[in-house]
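Descriptive structure summary
Listed below are the residues making up each chain.
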Amino acid sequence: MDVIWVVLIAILALIAGVALGFFIARKYMMNYLKKNPPINEQMLRTLMMQMGQKPSQKKINQMMRQMNNQQQGK
């Protein structure tokens, strides 16, 4: 009978650990994305203007495509 309790407690602890880990990781990622939002076209346009380049829509699209390809390649 003692073995059944040990196995039952181990399974419950595993399930609780997975659930707790999921919610902690979710909260961490939400905070991370709030502090570091992904780059969008407006941010890229501002960055290029600060570097002294005149951002055309073609350049913006090309850079966004390159960044998306680089992210998907990881």
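Residues numbered from 1 in each chain as written. Predicted model: local features only at pLDDT ≥ 70, side-chain atom pairs only at ≥ 80, totals over all residues. Heavy atoms only, no water.

Looking up the chain in an unreviewed UniProt entry gives the name UPF0154 protein E4U82_02200, with the organism given as Lentibacillus salicampi. According to the UniProt record, the Sequence similarities (unreviewed entry) comment for the chain is "Belongs to the UPF0154 family." (UniProt positions renumbered as here; feature names shortened; annotations may be inferred.)

Attention now goes to the overall build of the chain. Across its full length, the chain holds three helices and zero strands. Helices and strands in the chain line up, N terminus first, as α-α-α. For a compact globule of 74 residues, the expected C-alpha radius of gyration is about 11 Å, and the chain comes in at 23 Å, more than 25% above that figure. Looking at the chain as a whole, 7% of its 74 residues are labelled buried. Carbon and sulfur atoms make up 66% of the accessible area of the chain, which amounts to about 6900 Å² in all. (Helix = DSSP H or I, 4+ residues; strand = E, 2+ residues; numbered from the N terminus. Rg over C-alpha atoms; globule rule 2.2 N^0.38 Å. Buried < 20%, exposed > 50% of the residue type's maximum accessible area, 1.4 Å probe, protein only. Areas by Shrake-Rupley, 256 points an atom, 1.4 Å probe, with all protein chains shown as cover.)

According to UniProt, the positions carrying the feature "transmembrane region" (unreviewed entry) are residues 6-25. Along residues 6-25 the backbone is 100% helical and 0% strand, and the end-to-end C-alpha distance reaches 28 Å.

Taking 1.5 Å of rise per residue, the 34 residues of helix 1 (residues 2-35) would be expected to cover 50 Å, and the 49 Å separating its terminal C-alpha atoms lies within 8% of that figure. Across the 34 residues of helix 1, zero count as buried, placing the element largely on the outside. (Expected span 1.5 Å × (residues − 1).)

Here we take up the packing of aromatic side chains. Tallying each qualifying case throughout the model produces one aromatic pair. Where Phe-22 meets Phe-23, the ring centres are 5.2 Å apart and the plane angle is 75°; that geometry is what we call edge-to-face. (Phe/Tyr/Trp six-rings, centres within 6.5 Å; stacked < 30°, edge-to-face > 60°.)

What follows is about the packing of helix 2 (residues 41-50) against helix 3 (residues 57-73). One way to put it is that helix 2 packs onto helix 3 with a least axis distance of 10 Å and a crossing angle of 115°. Where helix 2 crosses over helix 3, the two elements pack in a sense that is right-handed. Contact residues: Glu-41, Leu-44, Arg-45 and Met-48 in helix 2; Gln-57, Lys-59, Ile-60, Asn-61, Met-63 and Met-64 in helix 3. Looking at the contact of helix 2 with helix 3 residue by residue, the class counts come to five nonpolar, two polar and three charged. (Axes fitted to C-alpha atoms, helices over the stretch in contact; angles between N-to-C directions. Left-handed = near helix turned anticlockwise from the far one by under 90°. Contact = heavy atoms within 4.5 Å. Nonpolar A, V, L, I, M, F, W, Y, C, P; charged D, E, K, R; others polar.)

Here we take up the confidence of the model for the chain. Per-residue confidence for the chain gives a mean pLDDT of 90; residues scoring 70 or more make up 99%. In the model of the chain, helix 3 stands out as the element of lowest mean pLDDT, 86, in contrast to helix 1, which has the highest, 95. (pLDDT = per-residue confidence, 0-100.)

Let us look at a nonpolar patch on the surface. A cluster of nonpolar side chains, Met-1, Ile-4, Trp-5, Leu-8, Ile-9 and Leu-12, forms an exposed patch at the surface whose accessible area comes to about 710 Å². Along the polypeptide, Met-1 turns up in the segment before helix 1. Look at Met-1 and you get exposed, because its relative accessible area is 75%. (Patch = residues over 30% accessible without salt bridge, like charges linked within 9 Å, V, L, I, M, F, W, Y side chains within 5 Å. Salt bridge = Lys/Arg side-chain N within 4 Å of Asp/Glu carboxyl O.)

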